[in-house]
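# A look at the structure
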Amino acid sequence: MQKHFLVFIGFFLSFLGNAQNIDKQYARKIVDELTSEKFSGRGYVDDGMRKSAEFIAEEFQKMSVQPLNNSYFQEFEMSINIIQKAELKLNGKNLVYGIDFLVDPSSNGQIFQQKEIYNFNPKNYQKALESEKSFQEFIYQDMVGQHQKHIVFPPHHFEVDSLNQYYKHWANFYRPEENKDRAIFYFSKEKLTASLSQQPKEINRFFIKDHYYSENLKIDHYQIESEFNPAYKVSNVIGFIPGKNSDSLVVITAHYDHLGKVGNTIFPGANDNASGTAFMLSMAKHYTENQPEHDMVFIAFAAEEAGLLGSQYFVDNPLIDLNKIKFLLNFDIMGAGEEGIQIVNSAIFTKEYDVLNEINSQHQYVKQIKKRGEACNSDHCPFYLKGVPSFFIYTLGGKGHYHDPLDTGESIDLIEFHDIQHLFIQFIDQL
Ligand SMILES: [Zn+2]
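Quantities reported herein were computed from a predicted structural model and do not represent experimental measurements.

Conventions used here
- Position numbers for residues start from 1 in each chain and track the written sequence from start to end.
- Restriction of local features to residues with pLDDT of at least 70 applies here, the model being predicted, together with a cutoff of 80 or more for giving and counting side-chain atom pairs; totals for whole chains, interfaces and linings are based on all residues.
- With hydrogens and water stripped out, all remaining heavy atoms of the structure feed into the side-chain values.
- Put simply, DSSP marks the helices as runs of H or I at least four residues long and the strands as runs of E at least two long, and each gets a number from the N terminus on.
- Using a 1.4 Å probe on the protein chains alone, a residue whose accessible area is under 20% of its type maximum counts as buried, one over 50% counts as exposed, and one in between counts as partly exposed.
- By the convention used here, residues are in contact when the closest approach between their heavy atoms is within 4.5 Å.
- For the area figures, the Shrake-Rupley method with a 1.4 Å probe applies, and any residue is considered shielded solely by the protein chains shown.
- Here Asp and Glu are counted as negative and Lys and Arg as positive; His is not counted, and neither are the chain ends.
- For this purpose, a charge sits on NZ of Lys, CZ of Arg, CG of Asp or CD of Glu.
- A pair is scored as a salt bridge if a Lys or Arg side-chain nitrogen falls within 4 Å of a carboxyl oxygen belonging to Asp or Glu.
- Pairing of aromatic side chains requires ring centres within 6.5 Å, counting the rings of Phe and Tyr and the six-membered ring of Trp. Pairs whose planes differ by under 30 degrees are stacked, by over 60 edge-to-face, and all others tilted.
- Geometrically, a lysine NZ or arginine CZ counts as sitting over a ring once it is within 6 Å of the ring centre and also within 35 degrees of the ring normal.
- UniProt positions are given in the numbering used here, feature names are shortened, and annotations may be inferred rather than shown by experiment.
- Any pair of cysteine sulfurs within 2.5 Å is marked as a disulfide.
- Any helix carries an expected span of 1.5 Å times its number of residues minus one.
- By nonpolar core is meant a set of buried Ala, Val, Leu, Ile, Met, Phe, Trp, Tyr and Cys residues that side-chain atoms within 4.5 Å join together.
- Residue ranges for the domains trace back to a domain assignment, done automatically or taken from a database.
- The donor set covers N, O and S atoms within 2.8 Å of the metal, switching to 3.2 Å for Na, K and Ca, and it leaves out water, so a site may look short of donors.
- Geometry is assigned from the angles between donors: four donors with all angles from 85 to 135 degrees make a tetrahedral site, four or six donors whose opposite pairs exceed 155 degrees while the rest stay between 65 and 115 make square planar or octahedral sites respectively, and everything else is labelled irregular.

Our focus in this paragraph is the overall build of the chain. What the chain contains, in helices and strands, is 11 helices and 17 strands. Its C-alpha atoms put the chain at 90 × 50 × 40 Å along the principal axes. Put simply, the chain has 431 residues, and 55% of those count as buried. Considering only contacts in the chain between residues 6 or more positions apart, those separated by 24 or more positions represent 84%. As presented, the chain carries roughly 19,600 Å² of accessible surface, and 50% of it is formed by carbon and sulfur atoms. Each charge class in the chain was averaged separately, 40 positive and 56 negative side chains, and the resulting centres sit 3 Å apart.

Printed below as a string of structure tokens:
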């Protein structure tokens, strides 16, 4: 009896171990694929986003997730300022894009011209910030006679708001043609965090790690290649699994796009958000093998990084009745979890939060489920603003690479992936 019981336990444990491996193996495969070179950072260069959309649709098809209205794709157009290449050489050294420097995503194409350098004086500026009058005086003096010069900001910490105000004045003070051939070189201690822009702006800006600054700085070379596309085509990718009853819907979402590629620098976006895409696909896989109670819709959103454009387009042109959504779960940044998870909107939908917490304390899936109020920081938001009950779930812990080339597949361990998946499968059962 005892022996049989042990054999049974052993068998049961090895089965559990196996199930864990299978889920994690699938997730790992998806993350490795989406972060590989062929998808070019899932952005606007080399068709990276379109190729990723096709890959996700193939995954849906392989696991027999159905399309909605005969297609997995919901196509739309958006404007985007695409930085194709950016080079910078200072004091004889070629800097690496994404690691040593970034350019403003609203930059225009520009080729280096030898120019005098105007050194911005941070101490005088700090003093000028004390009153509106002294600020205006500083701005005026700072700009007179600096036509046609490159502007260099030595490393110094300023409030972002105050600097933006400064830039705005700079852009207003000079005629566009005076800003066209020069640029602002801003040296900073802060982490370089890349982003996207839907519009070009007048004056180009380089953001450079502070240790490349020297008092006799020499700008040897730079070049930016960019293209403004007012109608770039992208697609949300949508799958459907019929439930045992169709009176309501559960929706699982994750954005699949990332920042793409600039020159040879790829932004792989493993944690943000190949991991969430793998999570969404993994959940779909589970429900193709275990029919859900309610109908389920799975959406991989395009163009989140340019400002939640895919999810906004979906709620403006919904392919499902938004009023029928019982609950929406959006997963963005699912690669870590050793510090638990945090949920935007859990302080709003407290009943659902309590259910989740109850499941977690029974099974000890994650260390903690941190509460958070509303925040319009991922694709749940356009739905939430239309009255759809929704959570945005992200993992805590990990290496902290974010919007930089170091957010690679190897840098995330998907340590709580399986546990979090089971937490939400049970949560969905109780909805
Ligand atoms: Zn992001």
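Our focus in this paragraph is the pattern of salt bridges. Summed over all chains, the structure comprises 17 salt bridges. Taking the shortest distance from any N to any O, the salt bridge between Lys 191 and Asp 404 comes out at 2.9 Å. Highlighted residues: Lys 191 in the loop between strand S7 (183-188) and strand S8 (204-209) and Asp 404 in the loop between strand S17 (390-395) and helix H11 (417-429), separated in sequence by 213 residues. Among the charged side chains, a salt-bridge network with shared partners connects Asp 47, Arg 50 and Glu 54.

Turning our attention to the packing of aromatic side chains. Applying the stated criterion to the full structure yields 32 aromatic pairs. Between Tyr 97 and Phe 101 the ring centres are 5.1 Å apart and the planes differ by 90°, which places this aromatic pair in the edge-to-face class. Centre to centre, the rings of Phe 185 and Tyr 222 are 5.8 Å apart; their planes meet at 55°, and the pair counts as tilted. With Phe 185 in strand S7 and Tyr 222 in strand S9 (residues 219-241), this residue pair connects regions lying 37 residues apart in the sequence. In terms of burial, Phe 185 and Tyr 222 fall into one category: buried. The rings of Phe 279, Phe 327, Phe 331, Phe 349, Tyr 384, Phe 391, Phe 417, Phe 424 and Phe 427 are connected pair by pair, giving a single aromatic cluster. One residue, Lys 285, lies across the ring of Tyr 26, its end atom 5.0 Å from the ring centre.

Further remarks concern the UniProt feature "domain: Peptidase M28" (unreviewed entry) in the chain. Mapped onto this numbering, the UniProt entry annotates "domain: Peptidase M28" (unreviewed entry) at residues 236-427. Helix and strand shares over residues 236-427 are 31% and 26% respectively, and the end C-alpha atoms of the span are 26 Å apart.

With that settled, consider the state of the cysteines. Under the counting rule described, the total for this entry stands at 1 disulfide. Bridging Cys 376 to Cys 381, the disulfide has an S-S length of 2.0 Å. Handedness here is read from the sign of the S-S torsion; for Cys 376 and Cys 381, about -100°, the answer is left-handed.

On to helix H7 (residues 270-289), then. Taking 1.5 Å of rise per residue, the 20 residues of H7 would be expected to cover 28 Å, and the 27 Å separating its terminal C-alpha atoms lies within 8% of that figure. In terms of burial, H7 is a largely internal element, 16 of the 20 residues being buried.

Let's shift gears to the nonpolar core. By size, the foremost hydrophobic cluster in this structure holds 97 residues, and its most contacted members are Tyr 44 and Phe 424. Among the elements that make up this core, the one with the highest residue count is H7 (9 residues). Counting contributing residues, this core receives three or more from each of domain 1 (16-79 + 230-429) and domain 2 (82-229). Once residues within four sequence positions are removed from consideration, Phe 424 is found in contact with Met 283, Leu 329, Phe 331, Ile 341, Ile 343, Leu 356 and Ile 393. Ala 128, Ile 139, Tyr 167 and Ile 184 belong to the second largest nonpolar core, which has 18 residues in total.

The zinc ion binds to the protein through Asp 272 (OD), Glu 305 (OE), Glu 305 (OE) and His 403 (NE2); the donor distances cover 1.9 to 2.4 Å. The site at the zinc ion holds 4 donor atoms, and with the angles between them running 57 to 146°, its shape is irregular. Sequence positions of the donors to the zinc ion reduce to the motif D-x32-E-x97-H. Separated by 33 residues along the polypeptide, Asp 272 in helix H7 and Glu 305 in the loop between strand S13 (294-301) and helix H8 (309-316) bring together distant segments of the chain. According to the relative accessible area criterion, Glu 305 is buried, its value standing at 13%.

Turning our eyes to something else, we now look at unusual backbone geometry. Cis geometry marks the peptide bond from Asp 272 to Asn 273, where omega comes out at 0°. Within the secondary structure layout, Asn 273 lies in helix H7. With phi around 55°, Asp 46 is a residue other than glycine that occupies positive phi space. Here Asp 46 is to be found in the loop between helix H1 (2-34) and helix H2 (48-62). You will see that Asp 47, though not glycine, has its phi angle at about 60°, which is positive. On the secondary structure map, Asp 47 appears in the loop between H1 and H2. In this structure Asp 47 comes out as partly exposed when scored by relative accessible area, which is 34%.

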